[in-house]
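# Architecture and fold: a report
Chain by chain, the residues:
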Amino acid sequence: MDYQKLADLLFPDVTETPADLEARFPARQLPEGAKVTRFAPSPTGFVHFGGLFPVLVGERLAHQSGGVFYLRIEDTDARREVPGAAESLITTLEKYGIHFDEGAILGSDGKVTDTGIYGPYKQSVRGSIYHVYAKQLVRDGLAYPCFSTDEELEELANTDKKAEIKNMDWENQAAARKQAMLAQRDFTMEQVEAELAAGHAFVLRILADGDGEKKVVNTDLIRGKIEMPVNDEDFVLLKSDGIPTYHFAHAVDDHLMGTTHVIRGEEWLPSLPKHLQLFNYLHFRLPKYMHISQIMRLDENGNKKKLSKRDMGANLNDYARMGYCADAVVEYVLTLLNSNYEEWRTANPALPYTDFPFNIKKMSSSGCLFDFNKLNDVSKNVLSRMSADRIYDETCVWAEDNDPELYAHLTADPDYAKSIFAIGRGGKKPRKDFTVFGDVKPYLDFFYDDLFTVKDALPEGTDMADVAAAIAAFKDTYNEADDTNAWFDKVKAIAESLGYAADMKAYKADPAAFKGSVADISAFLRLAVTGRQNAPDLYTVMHLLGRERTFARLDSFLG
RNA sequence: GGCCCCAUAGUCAAGCGGCUAAGACGUCGCCCUCUCACGGCGAAGGCGUGGGUUCGAUUCCCGCUGGGGUCACCA
């Protein structure tokens, strides 16, 4: 077989050589140790929560080492492509603060375009590049055209793949299939010419070494040494429309774009031998591989399952809707990614997560279960650490889309709203009232007259005369200039005058000796002013509301 | 079924041959406290299993079991 002739026959339009491409895309000039990583999603829908794992790892590794993090769109399957998915993907990641140094970006027209000298970064428009290498493989006798469709192949082998799996009579049928595929290798130049002349399409298959008994070894950055059978399957390189499969595109792109570390989900592990073989055939330097465990969920039977598209929390955009701020989600993922992250966070509450020394060695090789409890805890802490200004801004962004009423109130008087958010915030032990932004409104609605309602009731058996007396006395002695201690001393005095214990210890020691305690008096006031039994520090609340509104509520409470 | 990955409490996890087997979330109890939210203290709960190796295994090796992934002209 004259491989050169075959190559020309198959790819008559390809005039460039791999050497030309190498010259066009010279190696990157980066400092020693700099890592080049990428996120390479296929635009088939929303960004999956699990996608955040490789994204964060890639981003940290690249930027921590002074390297490059780029975005490549793997749109080689037109049938699965969802219009606008690439665009929304970029927008979503942006909201999570993920910055790409090069690759696919959003143009001024809102469409995907790109930036960087190793492009284009959309695989669908890199066809001619793949063909250069495809031609080389054919010329080297390492790839061949196959004119049979998958169905025809199965017919030849008298098998049905789906049935094989079900019947589990895999081995024999798989062997038959393989035989049928192998038969395709035995073509003659005349046959190829005839097929091409007839206008038949072909797929380009790799000519696999064929010794599945031998092992190939690779050192995974997380799992260590992995030993697998050498690839012996003539897998497809180029589909019949000339577009490459993932495997081929991965090899060519990551080589040309200078990727040093391939970070991807563990579902790729089984196809690693294919990639090792391809890099070898192509004489490409092998990147380092890291296969990340998948995030799981629990199904009805209590088994772990991959967090799939339809599951709650699978869509990264869901979190914004549910009221989680992007930082919290990122922080949660980081705690799963690096086991010492939480420890670091506790020691460095104020630093941005980008200051955390991300370490591959601290990554776990087993898949973990998604845990809303933990996310909630992380989120609560993230929100509690924010400044009043920041949480005001974040809440507004959320409320604009999800709670117009709240949004209107917050933005009507930003300073007032911020002073509400400032309650118990900023110290070493900040209040932790919010897990999600949806918690904000029920927490602070009573600060707004038109949202204020009396939600809770006085305890059973409360003496209304005492309530009225307490409120009257409170109004009589109220002085806005009082500090919190002076204020509370007056409340205590009122309690005492009504036969309620001013000292809680005394009350607890002998409850029967009093009608109640200062806690009860406070509860009366709190209920009147906030409409509920539980609220932040009453003194502060009253000062934010102001004397007039405080009194108005005290008055209307009595009816 | 073949191949591959994984295996410490309900969850996430330290551990890397000798420990009363860290810590976090969740759960429960107590304390603090004018309520709440914090904060503090404490409790319950764990090395899947059988063989080796070793003076000694959670730790190293093998089998088993369990869970997961994968086996496309999808990525």
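What counts and how
Residues numbered from 1 in each chain as written. Chains lettered and ligands numbered in written order. Predicted model: local features only at pLDDT ≥ 70, side-chain atom pairs only at ≥ 80, totals over all residues. Heavy atoms only, no water. Helix = DSSP H or I, 4+ residues; strand = E, 2+ residues; numbered from the N terminus. Contact = heavy atoms within 4.5 Å. Pairing = 2+ DSSP bridges. Axes fitted to C-alpha atoms, helices over the stretch in contact; angles between N-to-C directions. Core = buried A, V, L, I, M, F, W, Y, C linked by side-chain atoms within 4.5 Å. Buried < 20%, exposed > 50% of the residue type's maximum accessible area, 1.4 Å probe, protein only. Expected span 1.5 Å × (residues − 1). 1 Å grid on protein atoms, 1.4 Å probe; cavity = no way out; pocket = protein on both sides within 12 Å on 5 of 7 lines; lining within 4 Å. Points joined across faces, edges and corners; volume = space filled by probe spheres on them. Nonpolar A, V, L, I, M, F, W, Y, C, P; charged D, E, K, R; others polar. Parallel < 35°, antiparallel > 145°, perpendicular 65-115°, else oblique. Left-handed = near helix turned anticlockwise from the far one by under 90°. Salt bridge = Lys/Arg side-chain N within 4 Å of Asp/Glu carboxyl O.

By secondary structure assignment, the location of I243 is in the loop between β9 (236–238) and α10 (246–256). Taking the C-alpha atoms as reference, I243 lies 18 Å from L282; in sequence the two are 39 residues apart. With sequence-adjacent residues up to four places away left out, I243 is seen in contact with T76, L237 and L238.

Turning our eyes to something else, we now look at the sheet that holds β9. One open sheet accounts for three strands, arranged β5-β6-β9; its pairing is antiparallel. Two strands in the sheet have a free side with no partner beyond their single neighbour: β5 (143–146) and β9. Along the sheet, successive strands turn relative to each other by an average axial angle of 45°, direction set aside. Two elements, strand β6 (residues 203–206) and β9, share two bridges in a ladder whose sense is antiparallel. Directly across from L204, in β9, lies its bridge partner L238. Docked against the sheet, helix α5 (residues 127–139) engages β5, β6 and β9, running at close to 125° with respect to β9.

The strand order across the open sheet formed by four strands is β1-β2-β3-β4, and the pairing between neighbours is mixed. Strand pairing shows two members of the sheet lacking a second neighbour, β1 (36–39) and β4 (112–115), which therefore form its edges. Between one strand and the next, the sheet's axes are offset by a mean angle of 35°, whatever the strand orientation. Relative to strand β2 (residues 68–71), β1 runs parallel, the two being bridged by four bridges.

Ranked by size, the top nonpolar core spans 104 residues in total, and within it F49 and F447 carry the most contacts. Among the elements that line this core, the one with the most residues is helix α13 (residues 326–337), at eight residues. Among the nonpolar cores identified, the runner-up in size contains 54 residues, and F11, V36, L142 and Y281 belong to it.

The next subject is helix α23 (residues 518–530). Spanning 13 residues, α23 covers 18 Å between terminal C-alpha atoms, matching the ideal 18 Å at 1.5 Å per step. Of all 13 residues in α23, 10 are buried, a share of seventy percent or more. Taken as a whole, α23 has its buried residues at V518, I521, S522, F524, L525, R526, L527, A528, V529 and T530.

This part takes up the environment of A347. Relative to the helices and strands, A347 resides in helix α14 (residues 341–347). Sequence separation of A347 and E266 is 81 residues, and the distance between their C-alpha atoms is 32 Å.

Looking now at the layout of surface pockets. Roughly 650 Å³ of internal volume is contained in the second largest pocket. Lining the second largest pocket are 26 residues, and of these V36, G258, T259, T260 and R285 sit closest to its centre. Looking at the lining of the second largest pocket element by element, the count peaks at three residues for α10. Residues that form the lining of the second largest pocket fall into these classes: 13 nonpolar, six polar and seven charged.

The subject of this paragraph is the packing of helix α1 (residues 3–10) against helix α9 (residues 189–197). Packing of α1 against α9 leaves a shortest axis separation of 11 Å and a crossing angle of 5°. Classified by the interaxial angle, the pair formed by α1 and α9 is roughly parallel. Contact residues: K5, L6, L9 and L10 in α1; M189, V192, E193 and L196 in α9.

The omega angle of the peptide bond from G119 to P120 is 0°, so this bond is cis rather than trans. Mapped onto the secondary structure, P120 falls in the loop between β4 and α5. At H283, a residue that is not glycine, the phi angle is positive and equals roughly 60°. The residue H283 is located in the loop between α11 (272–282) and β11 (288–292) in this model. In this structure H283 comes out as exposed when scored by relative accessible area, which is 62%.

Turning to the packing of helix α21 (residues 484–497) against α23, a few remarks are in order. One can describe the packing of α21 onto α23 by two numbers: an axis separation of 9 Å at closest approach and a directional angle of 110°. By the criterion of interaxial angle, the relationship of α21 to α23 is roughly perpendicular. Crossing hand, α21 versus α23: right-handed. Across the interface between the two elements, F488, V491, K492, I494 and A495 of α21 pack against V518, I521, S522 and L525 of α23. Among the residues making up the contact of α21 with α23, the classes are represented as seven nonpolar, one polar and one charged.

A word on the pairing of β6. Neither face of β6 is left uncovered, since the one carrying V203 and R205 and the one carrying L204 and I206 both have all their residues buried. Sheet topology note: the β5/β6 ladder contains four bridges and is antiparallel. Along β6, the bridge assignment pairs P145 with L204.

With that out of the way, let us pick up the pattern of salt bridges. If you walk through the whole model with that rule in mind, you get 36 salt bridges. One salt bridge in this structure joins K135 and D8, with 3.1 Å as the shortest N-O distance. Here the residue K135 occupies a position in helix α5, and D8 occupies one in helix α1, the gap between them amounting to 127 residues. The class for K135 is buried, based on a relative accessible area of 12%. Looking at D8, the relative accessible area reads 37%, which means it is partly exposed. One network of salt bridges, in which partners are shared, links R38, R72, E74, R126, D253 and D254.

Below, the discussion takes up empty space enclosed by the protein. One simple way to see leftover space: roll a probe sized like a water molecule over the atoms. Applying the stated rule across the entire model yields one cavity of 30 Å³ or more. Here the largest cavity is characterised by a volume of approximately 80 Å³. Lining the largest cavity are K380, L383, S384, I420, F421, I423, R425, R431, K432, D433, F434 and Y443. When residues of the lining of the largest cavity are traced back to their parent elements, those giving at least two are α15 (372–385) and α18 (414–421). If you tally residues by element for the lining of the largest cavity, the top one is α15, at three residues. Residues that form the lining of the largest cavity fall into these classes: six nonpolar, one polar and five charged.

Fair warning: the whole summary comes from geometry, so function is off the table for now.
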